Amino acid sequence: MVHNPIQLAVLDMAGTTVVDDGLVVGAFDAAADAVGLNDREHARQYVLDTMGQSKIVVFRALLGTEELAQRANAAFERAYAELVDNGAATPIDGAAEAISRIRDAGIRVALTTGFSRSTQEKLLAALGWQSLADVVLAPGDGVRGRPYPDMILAALMRAQADGVANVAALGDTTSDIESARRAGVSVAAGTLTGAHDEQQLRAAGATHVVASVTEFADLILNGR
């Protein structure tokens, strides 16, 4: 049997393992209303282009002041949490099964997000995924959000993987790919179930582009 060098799979949530279906944009519109953001169309496009990044960072870039950014981010988190509480969160087809297959093969799994930790916890609870992964991470103290490599590197340490060459990452956005490339992982894969298309993912430096998390599981379990 061929030895599989991958010891850790780092998976994004919204758009990668969880269906987005416009939830992020809907929550953004609620946040924009809360702070009276003008030029909504330009701002919405910026949100789409930077999908995957920490939301507070996005609001800082759009609004220019910390006070407005914090207000918008709080409104965004409330709106997204309400959507989750109302049953809007659904998994990508086969996501839980793919994660279980990866873990059954002895590879640890980390779930990461650009949302706050509290919103991530609500999302995991709504899906019944509290015990699905070995590690769950969100931006916070000492851990920057994407496109920085922090969450991947923090997951590596918590999962006690030997090194970045033993890590495979999957995400649906160019920010996911940039984060993975900055971290130096051996597999920086993009999936076509979310925000960005194959051309965008490959232009960002994706080592692989897969149809879904199920195909990603096949990729790393078959030793590439």
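A brief structural summary. (Residues numbered from 1 in each chain as written. Predicted model: local features only at pLDDT ≥ 70, side-chain atom pairs only at ≥ 80, totals over all residues. Heavy atoms only, no water.)

What follows covers the overall build of the protein chain. Within the protein chain one finds 10 helices and 6 strands. Taking 224 residues into account, the globule formula puts the C-alpha radius of gyration at 17 Å, and the protein chain, at 17 Å, falls close to it. The dimensions of the protein chain, computed from C-alpha atoms along their principal axes, are 60 × 35 × 30 Å. In the protein chain, which comprises 224 residues, the share counted as buried stands at 53%. Once local pairs closer than 6 in sequence are excluded, the contacts in the protein chain between residues at least 24 apart make up 64%. (Helix = DSSP H or I, 4+ residues; strand = E, 2+ residues; numbered from the N terminus. Rg over C-alpha atoms; globule rule 2.2 N^0.38 Å. Buried < 20%, exposed > 50% of the residue type's maximum accessible area, 1.4 Å probe, protein only. Contact = heavy atoms within 4.5 Å.)

Quick look at the packing of helix α1 (residues 23-35) against helix α2 (residues 40-49) now. Interhelical geometry of α1 versus α2 gives an angle of 135° and a closest axis separation of 11 Å. As far as their axial angle goes, α2 and α1 are oblique. Here α1 runs over α2; the crossing is right-handed. Contacts between α1 and α2 involve Val-24, Val-25, Phe-28, Asp-29, Ala-32 and Asp-33 from the first element and Arg-40, Ala-43, Arg-44, Val-47 and Leu-48 from the second. (Axes fitted to C-alpha atoms, helices over the stretch in contact; angles between N-to-C directions. Parallel < 35°, antiparallel > 145°, perpendicular 65-115°, else oblique. Left-handed = near helix turned anticlockwise from the far one by under 90°.)

This part is about empty space enclosed by the protein. Empty space among the atoms becomes visible once a probe the size of a water molecule is rolled across them. Going through the model one piece at a time under the given rule, you end up with 2 cavities of 30 Å³ or more. The wall of the largest cavity is formed by 16 residues, among which Arg-146, Ile-152, Ala-169, Leu-170 and Asp-176 lie closest to the centre. Among the secondary structure elements, those contributing two or more residues to the lining of the largest cavity are β1 (8-12), α7 (150-159), β4 (167-171), α8 (174-183) and β5 (187-191). In terms of residue count, α8 provides more of the lining of the largest cavity than any other element does, 4 residues in total. Residue composition of the lining of the largest cavity, by class: 10 nonpolar, 3 polar and 3 charged. (1 Å grid on protein atoms, 1.4 Å probe; cavity = no way out; pocket = protein on both sides within 12 Å on 5 of 7 lines; lining within 4 Å. Points joined across faces, edges and corners; volume = space filled by probe spheres on them. Nonpolar A, V, L, I, M, F, W, Y, C, P; charged D, E, K, R; others polar.)

Looking now at the nonpolar core. Ranked by size, the top nonpolar core spans 54 residues in total, and within it Leu-11, Phe-76, Tyr-80, Leu-123 and Phe-216 carry the most contacts. What Tyr-80 contacts, discounting residues up to four positions off in sequence, is Ala-14, Leu-23, Val-24, Ala-27, Phe-115, Thr-119 and Leu-123. In this structure, Met-151, Ile-152, Ala-159 and Ala-169 belong to the second largest nonpolar core, which totals 19 residues. (Core = buried A, V, L, I, M, F, W, Y, C linked by side-chain atoms within 4.5 Å.)

The description of an aromatic ring pair rests on the distance of the ring centres and on the angle between the ring planes. What the rule picks out here adds up to 5 aromatic pairs. Relative to Phe-115, the ring of Tyr-80 lies with its centre 4.4 Å away and its plane at 45°, an arrangement referred to as tilted. Separated by 35 residues along the polypeptide, Tyr-80 in helix α4 (residues 66-85) and Phe-115 in the loop between β2 (108-112) and α6 (117-127) bring together distant segments of the chain. Considered together, Tyr-80 and Phe-115 belong to a single accessibility category, that of buried residues. Connected via pairs of aromatic rings, a cluster forms that spans Phe-28, Phe-59, Phe-76, Tyr-80 and Phe-115. The aromatic ring of Tyr-148 is capped on one face by Arg-144, whose charged end is 4.0 Å from the ring centroid. (Phe/Tyr/Trp six-rings, centres within 6.5 Å; stacked < 30°, edge-to-face > 60°. Lys NZ or Arg CZ within 6 Å of the ring centre and 35° of its normal.)

Bringing the pattern of salt bridges into the picture now. Note that side chains of opposite charge can pair when their charged atoms are close. Counted by the stated rule, this structure contains 13 salt bridges. Across the salt bridge formed by Arg-40 and Asp-33, the nearest N and O atoms sit 2.9 Å from each other. Accessibility expressed as a relative area gives 24% for Arg-40, which makes it partly exposed. Look at Asp-33 and you get exposed, because its relative accessible area is 54%. With a shortest N-O distance of 2.6 Å, Arg-182 and Glu-178 are connected by a salt bridge. Linking Arg-182 with Glu-178, this pair stays in helix α8, spanning 4 residues, or about one helical turn. Judged by relative accessible area, which is 32%, Glu-178 ranks as partly exposed. Within this structure, Asp-29, Asp-33, Arg-40 and Arg-44 form a network of salt bridges that share partners. (Salt bridge = Lys/Arg side-chain N within 4 Å of Asp/Glu carboxyl O.)

The subject of this paragraph is α1. Relative to the 18 Å expected for 13 residues at 1.5 Å per residue, α1 spans 19 Å between its end C-alpha atoms, a close match to the ideal helical length. Among the residues of α1, those classed as buried are Leu-23, Val-24, Val-25, Ala-27, Phe-28, Asp-29, Ala-31, Ala-32 and Val-35. Looking at the buried residues of α1, the elements they touch are α2, α3 (55-63) and α4. (Expected span 1.5 Å × (residues − 1).)

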